[in-house]
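Structural description and commentary
The lines below spell out each chain.
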Amino acid sequence: MTHPFLDLPPLTAARFAAVEDRVARLLGTRQDVVIMQGEALLPLEGAIRGTAGPGTTALNVITGPYGQTFGNWLRDCGATVVDLAVPFHTAVTADGIRAALAEHPEIDFVSLVHAEAATGNTNPVAEIGEAVRAHGALFYLDAVASVGAEPVLPDAWGVDLCVIGAQKAMGGPAGVSAVSVSERAWNRMAANPRAPRRSYLSLLDWKERWIDAGRTALPHAPAQLEMLALEACVERIESVGLDAVTARHRSAALATRAGALALGGGLEPYVYEAADAAPVATTLRVPPGVVASELVDQARASDPSLPLAAGGGALAKEMIRVNHYGADATVEAVRRSLAALGAALSARGLTVDLAAAHRAADSAGR
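The model shown is predicted, which means the values in this text are computed figures rather than measured ones.

This part is about the packing of helix 11 (residues 292-300) against helix 12 (residues 331-347). One can describe the packing of helix 11 onto helix 12 by two numbers: an axis separation of 8 Å at closest approach and a directional angle of 115°. When the axes of helix 11 and helix 12 are compared, the crossing they make is right-handed. In this structure, helix 11 uses Leu295, Gln298 and Ala299 to contact helix 12, whose residues at the interface are Ala340, Leu341, Ala344, Leu345 and Ala347. Looking at side-chain class alone, the contact of helix 11 with helix 12 contains seven nonpolar, one polar and no charged residues.

Right, let's get into the packing of aromatic side chains. Applying the stated criterion across every chain, the model contains seven aromatic pairs. With a centroid separation of 6.5 Å and 45° between ring planes, the pair formed by Tyr66 and Phe70 is classed as tilted. With Tyr66 and Phe70 both in helix 3 (residues 65-76) and four residues apart, this pair spans about one turn of that helix. The exposure class of Tyr66 is partly exposed, given its relative accessible area of 35%. Put simply, the rings of Tyr66, Phe70, Trp73, Phe109 and Tyr140 pair up and form one aromatic cluster. Directly above the aromatic system of Trp186 lies the positively charged group of Lys207, at a separation of 5.2 Å from the ring centroid.

The next thing to look at is the environment of Lys168. One can find Lys168 in the loop between strand 8 (161-165) and strand 9 (177-181). Measuring from C-alpha to C-alpha, the distance between Lys168 and Ser251 comes to 16 Å, with 83 residues separating the pair along the chain. The contact partners of Lys168, leaving out residues within four places of it in the chain, are Ala117, Val144, Ala145, Val280, Tyr325 and Gly326.

By secondary structure assignment, the location of Leu42 is in helix 2 (residues 41-51). Residue Leu42 is classed as buried on the basis of its relative accessible area of 10%. Residues Leu42 and Ser202, spaced 160 residues apart in sequence, show a C-alpha to C-alpha distance of 9.4 Å. Ignoring sequence-local partners within four residues, the contact set of Leu42 consists of Met36, Gln37, Tyr200 and Leu201.

Conventions adopted
Residues numbered from 1 in each chain as written. Predicted model: local features only at pLDDT ≥ 70, side-chain atom pairs only at ≥ 80, totals over all residues. Heavy atoms only, no water. Axes fitted to C-alpha atoms, helices over the stretch in contact; angles between N-to-C directions. Helix = DSSP H or I, 4+ residues; strand = E, 2+ residues; numbered from the N terminus. Left-handed = near helix turned anticlockwise from the far one by under 90°. Contact = heavy atoms within 4.5 Å. Nonpolar A, V, L, I, M, F, W, Y, C, P; charged D, E, K, R; others polar. Phe/Tyr/Trp six-rings, centres within 6.5 Å; stacked < 30°, edge-to-face > 60°. Buried < 20%, exposed > 50% of the residue type's maximum accessible area, 1.4 Å probe, protein only. Lys NZ or Arg CZ within 6 Å of the ring centre and 35° of its normal.

Here it is in structure tokens:
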């Protein structure tokens, strides 16, 4: 008995390389792109461990939980870490980056998250890239949540290591991820005696056994179904155009923010300034006396498919995330989410205006 998922011919090296090339075109990059066979934490950690070590002084920007994780990895590598933390309801500024670089001229590595889906903020990478490039530091960027929701341009922004995943705004699989690597980053890895080798974390293994070998023989069996899903995902984006995909996410974000403000009931945008809010997901602060996780559970009770989640960890008490990405990057998904939140707030005796919320969402999302 055959099965359409299980009885496929092996994925060829040529097809694997073709998918890498399509991802490179999606990013507008001429850098090497490596598709790694695991969720995006794999290249995120691999890129840091490959380029950082005891001689590294890193500026680690913290605008959410992933920035905290990167600082831990950098310290574990033996790097000296200068943390630049800003409140999670805002974004870091290029001036803040410049000031930190001026105060610590020894910095030679900068790590930044483009968009923090967990906190709903996004950072001005183009301006930050100019500051990092002028300083001469290696620039590491987590663009997992931003790719597909807003522009991601590693070459134009001077990003040396740009990690993406397909599972959010791209609407693709979570089991594979990619990283673009500049020549400067490859050289840093080659000079790093602590860079992982003969390891699942090793980017250098991919360079030597795959890229430098002409991409003619895969170094190990690929995650075939995930690679095919990534190929289909990129093909779908190509068919409608990346600009159309990012516009859809921007409309959903604008609709959510406007609709939540009009809904009332004490809901407020968690990220204060609209310019700092990420298109991939909108975070909302619940009114006093309401526990966010309980409100989300109540809102999703009648429709578990709603793209609603409570914040992680301590934020579960005060933050709601509207995950309007991928297939849910539509005004209709926003309207359904607002209706469910409005009903849950109303059941608690809070005054809401769903009609006003829908009007505001429709108007902002046009």
